[in-house]
Amino acid sequence: PALTINADSSMNPASVMKLLTTYAGLELLGPAHTWQTVLYANGKITDDVLYGDLIIKGYGDPKLDLENFWLLIHRLRQTGLREIKGNLILDHSHYDIPHEDPGEFDGQPYRTYNVPPEALLINYRASTFHLFPQPEKNSVRVAIDPVPESLRVQNNLKLTQDKCGAWQNHLTIRAITGKENKNNFTVVLNGSFSQYCGKQSYMLSLQDSASYTGDLFRQLWTQQGGIFNGNTVLGQAPQYLLPLKIHQSPPLAEIVRGINKFSNNIAARQLYLALGTGNSSIDNSPATLAKSDTAIRQWLASKQMNFTELVIENGSGLSRRERISPRHMGKLLLAAFNSPVMPEFIASLPIAAVDGTLRNRFSDTPVKGLAHMKTGALNNVRALAGYLIDEMGRRVIVVFFINHDQAEQSHAVMDRLIQWVYRRK
């Protein structure tokens with residue numbers, strides 16, 4: 001190392017921990033690894049009608065988002081199935097993990113970054129609120145995607161001509177549960193929104209898995225000419241059933257880009273859970289946190305990287321407990337650079353002033369386009385780690401962790417350090 005300060009301190013790396021999870025995933029599972037979601041017909045299909053239940057079993061696909069869930073349903077419809085007489089059964093049994101309170105981490109139970117892992121997680125259970133300024137009407141239009149029948153919106157936003165800035169700080173979004181049904185919500189938007197902000201989006205996860213998935217399935221199935229009037233319940237697929245259709249996720253090489261460039265916590269957590277079950281197409285033994293912890297430590301030991309201070313809670317960095325030293329994070333990045341999966345790994349990192357969480361950073365500096373780095377931020381934590389090509393064309397690894405009650409003031413000094421490294425002779 002050219003410079004070290006407190007390099008052996010055990011520190012919270014926030015989302016920089018995703019570097020460990022994604023690098024391990026690429027090596028242990030392989031860049032071409034995919035997750036399967038399996039559909040079963042528990043009943044007889046006659047004349048395009050299923051006289052029984054449709055079962056969807058998940059194996060932890062981190063990217064079963066709106067587009068891919070639509071594709072799954074489209075391909076199911078292409079089998080010729082038109083009507084489902086029974087219920088929709090959702091099988092989450094591939095995960096054997098403790099129940100989590102999504103509000104425990106920071107008191108924000110409806111924010112999508114707090115969604116806990118689910119073996120069958122559809123679109124992160126997210127409802128996206130799109131805000132559109134309408135100067136001609138002196139108002140703000142709100143559109144929701146997807147639109148569950150159980151969601152009502154009370155839009156009290158006032159349009160202003162102020163500078164945009166941190167637009168989220170000027171509005172409040174409150175979710176009120178229904179008195180009779182906890183999955184019925186009224187979302188109240190108060191505050192102001194500048195016309196200069198253009199279109200902006202805010203994501204919430206409100207409903208439980210059965211309600212959200214059932215509503216979305218019914219909408220998409222009906223749009224494609226299907227008929228379904230049953231209920232949505234949690235259950236397990238009988239082992240004797242043969243698959244009706246198997247949906248494959250995008251490859252891991254694509255998924256890690258979303259994890260690192262946009263710091264996707266839930267996708268990182270689902271990738272972490274996959275590490276303990278191996279890279280077989282379907283591993284019927286359930287995924288557990290203990291299996292993943294063992295797998296990642298054995299993998300590190302095989303590389304002679306015994307990180308005694310390492311603490312992994314969920315692999316995403318959304319944790320008060322996770323720890324790693326700056327020195328060991330640097331060694332990890334060096335090993336990744338010398339790994340066969342180096343191209344996929346580095347390509348997944350945000351590029352300075354270009355994309356991801358670094359899109360608006362370093363834009364007026366010579367570092368623009370020359371740094372691939374992961375950012376991290378929690379209360380009292382700021383972190384930055386990755387690769388930089390300096391002024392002399394050398395590639396340099398930089399790891400910068402700050403754990404301090406004034407960590408939020410460290411943005412400028414972090415940026416100055418990167419520029420110092422760039423100019424270092």
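Just so you know, these numbers come straight off a predicted model, no measurement behind them. (Residues numbered from 1 in each chain as written. Predicted model: local features only at pLDDT ≥ 70, side-chain atom pairs only at ≥ 80, totals over all residues. Heavy atoms only, no water.)

Enquirer: Looking at this model, I keep getting lost on the nonpolar core. Mind explaining?
Expert: One recurring pattern in soluble globular proteins: nonpolar side chains tend to sit buried together. Judged by nonpolar contacts, the single largest core of 46 residues is most densely connected at Leu20, Met329, Leu332 and Phe345. Within the residue set of this core, elements represented by two or more residues are helix H1 (18–28), helix H4 (252–261), helix H5 (265–274), helix H6 (289–302), helix H7 (326–337), helix H8 (342–347) and strand E16 (381–389). Considering every element that reaches this core, the biggest residue donor is H5, with 6 residues. Leave out the neighbours within four places in its chain, and Met329 touches Val16, Leu19, Ile324, Ala385, Val399 and Phe401. Counting residues in each nonpolar core, the second largest holds 23 residues, with Leu64, Ile73, Leu88 and Leu120 among its members. (Core = buried A, V, L, I, M, F, W, Y, C linked by side-chain atoms within 4.5 Å. Buried < 20%, exposed > 50% of the residue type's maximum accessible area, 1.4 Å probe, protein only. Helix = DSSP H or I, 4+ residues; strand = E, 2+ residues; numbered from the N terminus. Contact = heavy atoms within 4.5 Å.)

Enquirer: How should the sheet that holds strand E17 (residues 395–403) be read in this particular structure?
Expert: Think of a sheet as strands paired side by side through backbone hydrogen bonds, with each pair either parallel or antiparallel. Within the open sheet, the 3 strands sit side by side as E15-E16-E17. Their pairing is antiparallel. If you trace the sheet from one side to the other, it starts and ends with strand E15 (371–378) and E17, each paired once. Each strand of the sheet is rotated relative to its neighbour by a mean of 5 degrees, with strand direction disregarded. Pairing analysis gives 9 bridges linking E16 to E17, with the strands arranged antiparallel. What sits directly across from Ile389, in E17, is Arg395. (Pairing = 2+ DSSP bridges. Axes fitted to C-alpha atoms, helices over the stretch in contact; angles between N-to-C directions.)

Enquirer: Before we go on, may I ask you to explain the state of the cysteines in this structure?
Expert: In protein chemistry, a disulfide is the covalent bond that joins the sulfur atoms of two cysteines. For the structure on display, the rule yields 1 disulfide. The partner cysteine of Cys164 in its disulfide is Cys197, sulfur to sulfur 2.0 Å. Measuring the twist about the S-S bond at about 110 degrees, one finds the Cys164-Cys197 disulfide to be right-handed. Placement of Cys164 in the loop between strand E8 (158–160) and strand E9 (171–177) and of Cys197 in the loop between strand E10 (185–194) and strand E11 (200–204) is noted, with a sequence separation of 33 residues between them. Residue Cys164 is classed as buried on the basis of its relative accessible area, which comes to 19%. Relative accessible area serves as the criterion here: at 9%, Cys197 is assigned to the buried category. (Disulfide = S-S within 2.5 Å.)

Enquirer: What am I meant to see in the packing of H1 against H4 here?
Expert: The geometry of a pair of packed helices is captured by two quantities: the angle between their axes and the separation between those axes. H4 packs onto H1 with a crossing angle of 180 degrees between their chain directions and a minimal axis gap of 11 Å. On the basis of their axis angle, the class for H1 and H4 is roughly antiparallel. Across from Lys18, Leu19, Thr22, Gly25 and Leu26 in H1, the residues of H4 making contact are Leu252, Ala253, Val256, Ile259 and Asn260. Among the residues forming the contact of H1 with H4, the class breakdown is 6 nonpolar, 3 polar and 1 charged. (Parallel < 35°, antiparallel > 145°, perpendicular 65-115°, else oblique. Nonpolar A, V, L, I, M, F, W, Y, C, P; charged D, E, K, R; others polar.)

Enquirer: I tried to follow the pairing of strand E4 (residues 88–91) on my own but got confused; where do I start?
Expert: Walk down a regular strand and you will see the side chains alternate between the two sheet faces. Alternating residues of E4 divide into Leu88 and Leu90 and Ile89 and Asp91, and every residue in both groups is buried. Examined bridge by bridge, strand E2 (residues 49–58) and E4 share 4 bridges and lie parallel to one another. Across the sheet, the residue bridging to Ile55 is Ile89, located in E4.

Enquirer: Got a minute to help me understand H1 in this structure?
Expert: Residue pairs spaced three or four apart in an α-helix point in one direction, given the helix's 3.6 residues per turn. The element H1 is extensively covered by neighbouring structure, given that 9 of its 11 residues are classed as buried. Those residues of H1 that fall on the buried side of the exposure criterion are Lys18, Leu19, Leu20, Thr21, Thr22, Tyr23, Ala24, Gly25 and Leu26. Phi for Gly30, located one or two positions after H1, is positive at around 95 degrees.

Enquirer: What's the story with the environment of Gly317 in this structure? I'm lost.
Expert: Its place among the elements puts Gly317 in the loop between H6 and H7. Placed 59 residues apart in sequence, Gly317 and Gly376 show a C-alpha to C-alpha distance of 8.0 Å. Ignoring any residue separated from it by four or fewer positions in sequence, one finds Gly317 in contact with Ala14, Ser15, Met17, Glu322 and Leu378.

Enquirer: Looking at this structure, I do not really get unusual backbone geometry. What am I missing?
Expert: Excluding glycine, residues mostly have negative phi values, and the peptide bonds linking residues are mostly trans. In this chain, Asp145 is followed by Pro146 through a cis amide linkage whose omega measures -10 degrees. Tracing the sequence through the fold places Pro146 in the loop between strand E6 (139–145) and strand E7 (151–155). The backbone phi angle of Tyr124 is positive, close to 60 degrees, even though this residue is not glycine. Note that Tyr124 resides in the loop between E4 and strand E5 (127–134). Residue classification places Tyr124 among the buried positions, given a relative accessible area of 16%.

Enquirer: What's the story with the packing of aromatic side chains in this structure? I'm lost.
Expert: We describe a pair of aromatic rings using the distance from one ring centre to the other and the angle between the two ring planes. Considering all chains together, one arrives at 7 aromatic pairs under this definition. Seen from their ring centres, Tyr110 and Phe185 are 5.5 Å apart, and the 85 degrees between their planes marks the pair as edge-to-face. Separated by 75 residues along the polypeptide, Tyr110 in the loop between E4 and E5 and Phe185 in strand E10 bring together distant segments of the chain. Judged by relative accessible area, Tyr110 falls into the partly exposed class, the value being 25%. (Phe/Tyr/Trp six-rings, centres within 6.5 Å; stacked < 30°, edge-to-face > 60°.)

Enquirer: What is the right way to read the packing of H4 against H5 from this model?
Expert: Where H4 meets H5, the closest approach of the two axes is 8 Å, and the angle between their N-to-C directions is 135 degrees. Between H4 and H5, the angle is such that the two are oblique. Classified by chirality, the crossing of H5 by H4 is left-handed. Contacts from Leu252, Val256 and Ile259 in H4 reach Ala267, Ala268 and Leu271 in H5. (Left-handed = near helix turned anticlockwise from the far one by under 90°.)

Enquirer: How should the sheet that holds E6 be read in this particular structure?
Expert: Within the open sheet, the 3 strands sit side by side as E6-E5-E11. Their pairing is antiparallel. Sheet topology places E6 and E11 at the edges, where each strand pairs with a single neighbour. Mean inter-strand twist for the sheet, computed between neighbouring axes without regard to direction, equals 25 degrees. Relative to E6, E5 runs antiparallel, the two being bridged by 7 bridges. Its bridge partner being in E6, Phe132 is matched across the sheet by Arg141.

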